[in-house]
Each structure stands twice: as C-alpha cells, then as structure tokens.
Amino acid sequence: MRRVVRGFWGPRPESAEALADRWQRTLDGLAELVPQAAEAWSQVHGNGPATAFTPEGKALLDALRAARSAADRSDLTGTGLRLVGTGTPGWEAEVSGLAGGAPEFLLQSLAIVLHAPDAAVVPEEDVLALLARVWEPDFGDVSDDDVLDALEGEAGYAAGDPVVGRTGYLSPARAALVPDSLEAVRQELPCGGELLSIAALGDSTAVVRAYERLRAAGALAPLPRPMDRPVL
C-alpha cells in the first residue's frame, strides 16, 4: 500500500550546509523507523538513469550543491533532491524535497512516500513527527490515494492548499485555532506545533469531516500571497 507523508512551508532561505543537515537527520530517522525500506538508496535525476547513493559524509552536501548549481533561480525556487530507498521485498521509500528558497507563491516541501505490504504495520505518525521536528513545516499530513480523492471530491481540496490527512501536523499558530471539540488526539511536539491523530486507515469520511472543521476555524487558511514567512 502507498502512504504519503508530507510537510509544507513558505519561504525560508537556507544554505546547502543547513539543508544537508536536515536531509541527514531525515534519512537517519527513516532508517530507524522503517529499516525495511531504507537498506540502499539511489538518487533520481532529471535526466538519465538513477545512480547509487550513500547518504554519508559529504555525499548529501555535494548532491545539494550540484542540484543548486544546475537549477536556474534555485536561490528563489529552492533546491530539489529526490532519493529512493529499497530493502525488504515489498518495501520502498521515496524522499523528495524542494527547500532552501524564497519563492513568493510556491510552497517549499518535503514528501516521503512509503510502499509497504498491505498487512504491514507502518509507523506513519512517527514519520510525520520526524518530518515536523526536522523541517519545521507550516502544515503536514499522512494521506493515501483514497484520502486525497475524498478530500478533492467531497471537500474541494486542491493541491497546494493546507491540509490534514489521517494524521495532520499544524504549526503553533495553526494549532492555536483547532476547535476544542475536534475529534482527534492532539499531541504537542517540541517545536510547539501539534500532531493530530484524526482517523484510522480507510476512514476517509472522518478525514473529510475534520478537514472541513479545521478549514472553517481558520486552522487551514493559506499563507498570504505573496508569501513573506515560512509559517502562518
């Protein structure tokens, strides 16, 4: 089954060194949480085949510097990197990010796509908490294809809108707007934001209901455009 864990934020210029540190902590955390999916890594390129990648030492920094130098206006749009991890049969992890830039209309992001056997236990909430700790996003979610289809079809969600899935993450200002009566388990993280456990796997109806309530309360209001800060 395909699970998607994502985080989004506004403009936050960062050096390649700072990004390499965040990437290293992300990959180290994934290796602890889902070692079945991250025994070996490869880097996906815009042109040409993927190449083997060992995320140790200067490898991440060199990859980010190369991506930054190859992309026009990367100082504004952000530095992109995409890695794929493989391991136990049936398991795979893809990590892609666009970060370190200062675009006025394009959100920065980090997405982790986990493929696992249908019956496997996947610590998806822990993966979202890892993403929140490392990348300090404005909002984030754990979703799957059924959840995203339901949000688009029943609640008018569009790509780029602030969103929560079966689990959501909200930065401190957004978390302060969460209604007390929301049916979710709320966990405050060290960064000050909150992790919201909203629905079990397969319960898209509960996700849509929570999304609509949070949007009505202002907790999922988009960042003002042009954007001038990373979080609400």
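It should be emphasised that the depicted structure is a prediction, and the values quoted were computed from it without experimental measurement.

**Considerations on the confidence of the model for the protein chain**
Moving on, step 1. Considering every residue of the protein chain, the mean pLDDT works out to 92; 98% of them sit at 70 or more.
Moving on, step 2. Taken element by element, the predicted model of the protein chain shows its lowest mean pLDDT in helix 3 (residues 74–77) (75) and its highest in strand 8 (residues 167–170) (97).

**A word on the pattern of salt bridges**
Moving on, step 1. Tallied over the entire structure, the rule returns 14 salt bridges.
Moving on, step 2. Across the pair Asp21 and Arg25 runs a salt bridge, and its minimum N-O distance is 3.1 Å. Taken together, the residues span about one helical turn, with Asp21 and Arg25 both in helix 1 (residues 16–33) at a distance of 4 residues.
Moving on, step 3. The class of Arg25 is partly exposed, set by a relative accessible area of 36%.
Moving on, step 4. Several salt bridges converge on common partners, so that one network encompasses Arg3, Glu124, Asp144 and Arg166.

**Points about the packing of aromatic side chains**
Moving on, step 1. Inspection of every chain in the model, using the stated rule, returns 4 aromatic pairs.
Moving on, step 2. Consider the rings of Phe8 and Phe139, whose centres lie 5.2 Å apart with planes at 25 degrees: the pair is stacked. Of this pair, Phe8 sits in strand 1 (residues 2–9) while Phe139 sits in strand 7 (residues 139–143); the two residues are 131 residues apart in sequence, bridging distant segments of the chain. Comparing Phe8 with Phe139, the two get one shared label, buried.
Moving on, step 3. Between the aromatic rings of Trp9 and Trp135, the centroid separation amounts to 5.7 Å while the plane-to-plane angle is 25 degrees, which identifies the pairing as stacked. Here Trp9, found in strand 1, pairs with Trp135, found in helix 4 (residues 124–135); they are 126 residues apart in sequence, far enough to count as distant.
Moving on, step 4. When its relative accessible area of 1% is taken as the criterion, Trp135 is described as buried.
Moving on, step 5. An aromatic cluster of at least three residues, connected via ring pairs, comprises Trp9, Trp23 and Trp135.

Procedures and definitions
Residues numbered from 1 in each chain as written. Predicted model: local features only at pLDDT ≥ 70, side-chain atom pairs only at ≥ 80, totals over all residues. Heavy atoms only, no water. pLDDT = per-residue confidence, 0-100. Helix = DSSP H or I, 4+ residues; strand = E, 2+ residues; numbered from the N terminus. Salt bridge = Lys/Arg side-chain N within 4 Å of Asp/Glu carboxyl O. Buried < 20%, exposed > 50% of the residue type's maximum accessible area, 1.4 Å probe, protein only. Phe/Tyr/Trp six-rings, centres within 6.5 Å; stacked < 30°, edge-to-face > 60°.

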